[in-house]
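Below, each chain spelled out in residue letters.
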Amino acid sequence: MSAPKKLFIKTYGCQMNVYDSERMAEALGGNGYVETKTPEDADMILLNTCHIREKAAEKVYSELGRMKPLKDINPNLKIGIAGCVAQAEGEEIMRRAPVVDLVVGPQSYHRLPAMDDAVQTGAKALDTDFPDDDKFETLKARSKAKRGPTAFLTVQEGCDKFCAFCVVPYTRGAEVSRPADRIIREAQELVESGVREITLLGQNVNAYHGHDGGLAGLIWELDKVDGLERIRFTTSHPNDMDDALIDAHGTCEKLMPYLHLPVQSGSNRILKAMNRKHTAEGYLRLIERIRAARPDLLLSGDFIVGFPGETDQDFEDTMQLVRDVHYGQAYSFKYSTRPGTPAAEKPQLPEDVMNDRLQRLQGLLREQQIATQASMVGRDVKVLFEKAGREAGQMIGKSEYLHAVFAEAPADVIGTVRRVRIIDDATNSLKGELLSQ
Ligand code: SAH
Ligand code: SF4
Ligand code: F3S
């Protein structure tokens, strides 16, 4: 038998790309590929790209420049572009960069095995269709290989919201939900491989409609999966937080008290210009209801500063919303013009204004994050241990609130949920002491 061919995948962007990379590796496994961690010994390199902010294509070209000499060492090496840049600009990349053999969009990667066959004959392969056939049906069952205790599981893809700044509706297509029974089966496969915590993924995960009861209905089905101990989901849109989902946060023990609920801005004028279809007050009322259901919930968010037309007052409204909510952690970005989106037509704000605002917002969010971490000291949390730490005898895992926690513990805690008392807070993690159960 010939030696297995080696596949190197570099993943950019969101968690859905992480999930897609796993599935692409599994699909190419059928063609005899095993994964490698070094591009130097690869027979196939896939760049799984992200298009969300500026310079996405430039980053791909410079990565291709670095990869090109590897073709001199291994003349059989094939290089492919996957993900959202492939979808948006794949044809152009293939034209401009002869080093690229293959371009595959996020909705067509189940066709990778056939595309690999084609490129092995020296041909080029490009597929950025939004095909009618369901890629998840074509992909085989999840690999039976032993895995770590946490996994992502895509349940919904695409977006119909068309926020004025965002490329996702164009790169990922319309909202599609996977049927609940297939998701349950995949969750069971993951649990059999050692997974204890599943994060359900979707660009608008709470718009999930593959179950009569929506995302909450799916969560309750997953609640019944033996061996699955924790459920999370991301990313949610405020307008799709229905009563059943809010209620599940208070009543479903497996559903973790952490919610990533982007609002983008605290100014109603800007929210309207962004086509978010909700107000700042509506968002605050929603947060109140979620916190009533689950008072200890840790909230996370996304913010954009410097959206076209954003005034000082609009920005102050965002700062005020952040003070009103008090986030456990959050992401914030400078507005980035994306070709083809409605906001790209509008006059842009000066760079220094955006930089100032971003700095102020990040300062406030950092204060809130530090305060939230400090408030954990002295509390007992439950940690799902994931791996050994850097120091001998130290194990690392995540609390229900998604804080990284490290503690002295025997290696057999990995893959189990243990009670831990938090005794100190470090910059990006918490220090704990293992409690007897
Ligand atoms: N579907 C999710 C996340 C989409 S992308 C949602 O609706 O929240 C993740 C984040 O990237 C967004 O929440 C937004 O804050 C940021 N983002 C998207 N487009 C952007 C742009 N053009 N410039 C800057 N940030 C952007
Ligand atoms: Fe983009 Fe808005 Fe859709 Fe989120 S909801 S993916 S920000 S268009
Ligand atoms: Fe990026 Fe596409 Fe995800 S643009 S954020 S990889 S959906």
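Residues numbered from 1 in each chain as written. Chains lettered and ligands numbered in written order. Predicted model: local features only at pLDDT ≥ 70, side-chain atom pairs only at ≥ 80, totals over all residues. Heavy atoms only, no water.

As a reminder, the rule being used: UniProt positions are given in the numbering used here, feature names are shortened, and annotations may be inferred rather than shown by experiment.
An unreviewed UniProt entry lists the protein chain under the name tRNA-2-methylthio-N(6)-dimethylallyladenosine synthase, with Yoonia tamlensis as the source organism. Listed under Subcellular location (unreviewed entry) in UniProt, the entry text for the protein chain is "Cytoplasm". On record in UniProt, under Subunit (unreviewed entry), the comment for the protein chain is "Monomer."

## Comments concerning the overall build of the protein chain
Condition: Helical segments are the DSSP runs of H or I of at least four residues, strand segments are the runs of E of at least two, and each set is numbered from the N terminus. For the radius of gyration, the atom set is restricted to C-alpha positions; the globular benchmark scales as 2.2 Å times the number of residues to the power 0.38. Working definition: with a 1.4 Å probe on protein chains only, accessible area under 20% of the residue-type maximum means buried, over 50% means exposed, and in between means partly exposed. Note on contacts: a residue pair is in contact if any heavy atoms of the two residues lie within 4.5 Å. The method behind every accessible area is Shrake-Rupley, applied with a 1.4 Å probe, and residues are considered shielded solely by the protein chains displayed. Charge convention: Lys and Arg are scored as positive, Asp and Glu as negative, and His as well as the terminal groups of each chain are ignored. A charge is said to be at NZ when it belongs to Lys, at CZ for Arg, at CG for Asp and at CD for Glu.
A count of helices and strands for the protein chain gives 14 helices and 19 strands. At 22 Å, the protein chain has a C-alpha radius of gyration in line with the 22 Å of a compact globule built from 437 residues. Projected onto its principal axes, the C-alpha coordinates of the protein chain cover approximately 60 × 60 × 45 Å. Looking at the protein chain as a whole, 54% of its 437 residues are labelled buried. Taking contacts inside the protein chain between residues at least 6 apart in sequence as the whole, the part at least 24 apart equals 71%. Put simply, the protein chain shows about 19400 Å² of open surface, and 51% of that area lies on carbon and sulfur atoms. Between the centroid of the 56 positive side chains of the protein chain and the centroid of its 65 negative side chains there is a distance of 2 Å.

## A look at the nonpolar core
The line we're drawing: Residues grouped as a nonpolar core are buried Ala, Val, Leu, Ile, Met, Phe, Trp, Tyr and Cys residues, joined through side-chain atoms within 4.5 Å. Where a domain begins and ends is set by an automatic assignment or by a domain database.
Ranked by internal contacts, the top residues of the largest apolar core, which has 53 residues, are Leu200, Leu218 and Tyr327. When residues of this core are sorted by domain, at least three fall in each of domain 2 (141–256) and domain 3 (291–375). Among all residues touching tyrosine 327, those that are not within four sequence positions of it are Val263, Tyr283, Leu299, Ser300, Gly301, Phe303, Leu321, Val322, Leu365, Gln368, Gln369 and Thr372.

## A word on the packing of helix α13 (residues 312–325) against helix α14 (residues 351–374)
Heads up, the rule is: Inter-axis angles, ranging from 0 to 180 degrees, are taken between N-to-C directions of lines fitted to C-alpha atoms, where helices are fitted over the stretch in contact. Oblique is the label for any angle not under 35 degrees, not over 145, and not in the 65 to 115 range, which are roughly parallel, roughly antiparallel and roughly perpendicular in turn. For this classification, Asp, Glu, Lys and Arg are treated as charged, while Ala, Val, Leu, Ile, Met, Phe, Trp, Tyr, Cys and Pro are nonpolar and the rest, including Gly, are polar.
Interhelical geometry of α13 versus α14 gives an angle of 10° and a closest axis separation of 10 Å. In terms of orientation, α13 and α14 fall into the roughly parallel class. Across the interface between the two elements, Asp312, Phe315, Glu316, Thr318, Met319, Val322 and Arg323 from α13 touch Arg357, Arg360, Leu361, Leu364, Leu365 and Gln368 from α14. A per-class count over the contact of α13 with α14 returns six nonpolar, two polar and five charged.

## Here's the deal with the site of ligand 3
Definition in use: One heavy atom within 4 Å of a molecule or strand is enough for the residue carrying it to be called near that molecule or strand.
As a matter of local geometry, ligand 3 sits amid Cys14, Asn17, Thr49, Cys50, His51, Ile52, Cys84, Arg172 and Gln203. Class assignment of the residues belonging to the shell around ligand 3 gives a composition of four nonpolar, four polar and one charged.

## Things to note about the packing of helix α9 (residues 214–223) against helix α10 (residues 243–251)
Remark: α9 packs on α10, axes separated minimally by 7 Å, with the N-to-C direction vectors making an angle of 30°. Each of Leu215, Ala216, Ile219 and Trp220 in α9 lies in contact with α10, whose residues at this interface are Ala244, Leu245, Ala248 and Thr251. Split into classes, the residues belonging to the contact of α9 with α10 amount to seven nonpolar, one polar and no charged.

## Comments concerning the side chain of lysine 161
Turning to its location among the elements, lysine 161 is positioned in the loop between β8 (156–157) and α7 (168–171). Among the residues examined, lysine 161 registers a relative accessible area of 18% and is labelled buried.

## Looking at the environment of methionine 67
Along the chain, methionine 67 falls in helix α2 (residues 56–67). Put simply, methionine 67 and valine 225 are 158 residues apart on the chain and 43 Å apart in space, counted from C-alpha to C-alpha. Leave out the neighbours within four places in its chain, and methionine 67 touches Phe8, Pro39, Ile45, Leu47 and Ile79.

## Thoughts on the packing of aromatic side chains
Inclusion rule: Aromatic contacts are taken between Phe, Tyr and Trp rings whose centres are within 6.5 Å, Trp giving its six-membered ring; a plane angle under 30 degrees counts as stacked, one over 60 as edge-to-face, and the others as tilted. When the NZ atom of lysine or the CZ atom of arginine is within 6 Å of a ring's centre and also within 35 degrees of its normal, the charge is said to sit over that ring.
One pass over the structure, following the stated rule, counts five aromatic pairs. On the basis of an interplanar angle of 45° and a centroid distance of 6.5 Å, the ring pair of tyrosine 19 and phenylalanine 136 is categorised as tilted. With tyrosine 19 in helix α1 (residues 15–29) and phenylalanine 136 in helix α6 (residues 135–138), this pair connects stretches of sequence that are 117 residues apart. By relative accessible area, tyrosine 19 is classed as buried at 0%. Considering the side-chain rings of phenylalanine 307 and tyrosine 335, the 5.4 Å spacing of their centres and the 75° angle between planes classify their relative orientation as edge-to-face. Of this pair, phenylalanine 307 sits in the loop between β13 (298–305) and α13 while tyrosine 335 sits in the loop between β14 (329–334) and α14, and the two are 28 residues apart along the sequence. The burial state of phenylalanine 307 is the same as that of tyrosine 335; both residues are buried. One Lys or Arg, arginine 96, reaches over the ring of tyrosine 61 and ends 4.2 Å from the middle of that ring.

## Structural notes on the UniProt feature "domain: Radical SAM core" (unreviewed entry) in the protein chain
According to UniProt, the "domain: Radical SAM core" (unreviewed entry) feature falls on residues 145–371. In the segment residues 145–371, helix accounts for 40% and strand for 16%; the C-alpha atoms at its two ends are 40 Å apart.

## Some details on the environment of arginine 421
Relative to the elements of secondary structure, arginine 421 occurs in strand β18 (residues 417–425). Assessed through its relative accessible area of 36%, arginine 421 is described here as partly exposed. Taking the C-alpha atoms as reference points, arginine 421 and isoleucine 73, separated by 348 residues in sequence, lie 53 Å from one another. With residues up to four places along the chain from it excluded, the contact list for arginine 421 reads Gly378, Arg379, Asp380, Lys431, Gly432, Glu433 and Leu435.

## So, the pairing of strand β15 (residues 380–388)
The condition is simple: The pairing criterion is simple: DSSP has to find at least two bridges between the two strands.
Pairing of β15 with β18 involves five bridges; the strand directions are antiparallel. Residue pairing across strands places valine 383 opposite arginine 418, the latter belonging to β18. Where β15 and strand β16 (residues 394–399) come together, five bridges link them in antiparallel fashion. Across the sheet, the residue bridging to phenylalanine 385 is glycine 397, located in β16. Between β15 and the antiparallel strand that follows it, β16, lie five residues; glycine 393 among them carries a positive phi value of about 80°.

## With respect to the sheet that holds strand β17 (residues 404–408)
With respect to topology, five strands assemble into a closed barrel ordered β15-β16-β17-β19-β18, the strand pairing being mixed. Put simply, the sheet's adjacent strands are angled 50° from each other on average, direction ignored.

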